[in-house]
Amino acid sequence: MQKEELTRDPNQTNPLVLAFLGDATYAHCVRYHLIAKGLVKPNLLHKTANRYVSAKAQANILLTLLPTLPEDEVNVVKRGRNAKSGSTAKNADIIDYRHATAFEALIGYLYLNGKEERIAEIMQQAFAIVEGE
């Protein structure tokens, strides 16, 4: 699939739009990771994926990685965390939900900037955090 060129600067993109894209990108990476690990039963894939994509897990990943992020990424995280979504978390407290949104915004930002190697680095670290390695 060919990626279309965007006409807007990712730095000026609404952080909730970044989070929307980051959510899909992260979920895709998680699913690929689990299948690559040999999980093939759909029910088990779904249950295991939820451990990675929950707001609590994403908040934990972000807070663990935050001290190591460069300034430009921290700025995106802050924009994502402070964005007013108008919706509320179903299964998470508001702090975890905001941090999860910030993590997703970071992933979306990196994706729009074509920083696939950086996304891969963050994914590797995220998987290690969730898996407790």
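- Under an unreviewed UniProt entry, the name given to the protein chain is Mini-ribonuclease 3, and the source organism is Brevibacillus nitrificans.
- Recorded in UniProt for the protein chain, the comment headed Subunit (unreviewed entry) runs: "Homodimer."
- You can read under Cofactor (unreviewed entry) in the UniProt record for the protein chain the words "Mg(2+)".

**Overview of the layout of surface pockets**
Next, step 1: Put simply, the largest pocket is a space of about 400 Å³.
Next, step 2: In this structure, the largest pocket is lined by 17 residues; those nearest its centre are Val-53, Ser-54, Ala-55, Tyr-97 and Glu-104.
Next, step 3: For the lining of the largest pocket, the secondary structure elements donating two or more residues are α1 (15-36), α3 (55-65) and α5 (94-112).
Next, step 4: Per element, the largest residue contribution to the lining of the largest pocket is four residues, and it comes from α5.
Next, step 5: Looking at the lining of the largest pocket, its residues break down into eight nonpolar, five polar and four charged.

Basis of the calculations
Residues numbered from 1 in each chain as written. Predicted model: local features only at pLDDT ≥ 70, side-chain atom pairs only at ≥ 80, totals over all residues. Heavy atoms only, no water. UniProt positions renumbered as here; feature names shortened; annotations may be inferred. 1 Å grid on protein atoms, 1.4 Å probe; cavity = no way out; pocket = protein on both sides within 12 Å on 5 of 7 lines; lining within 4 Å. Points joined across faces, edges and corners; volume = space filled by probe spheres on them. Helix = DSSP H or I, 4+ residues; strand = E, 2+ residues; numbered from the N terminus. Nonpolar A, V, L, I, M, F, W, Y, C, P; charged D, E, K, R; others polar.

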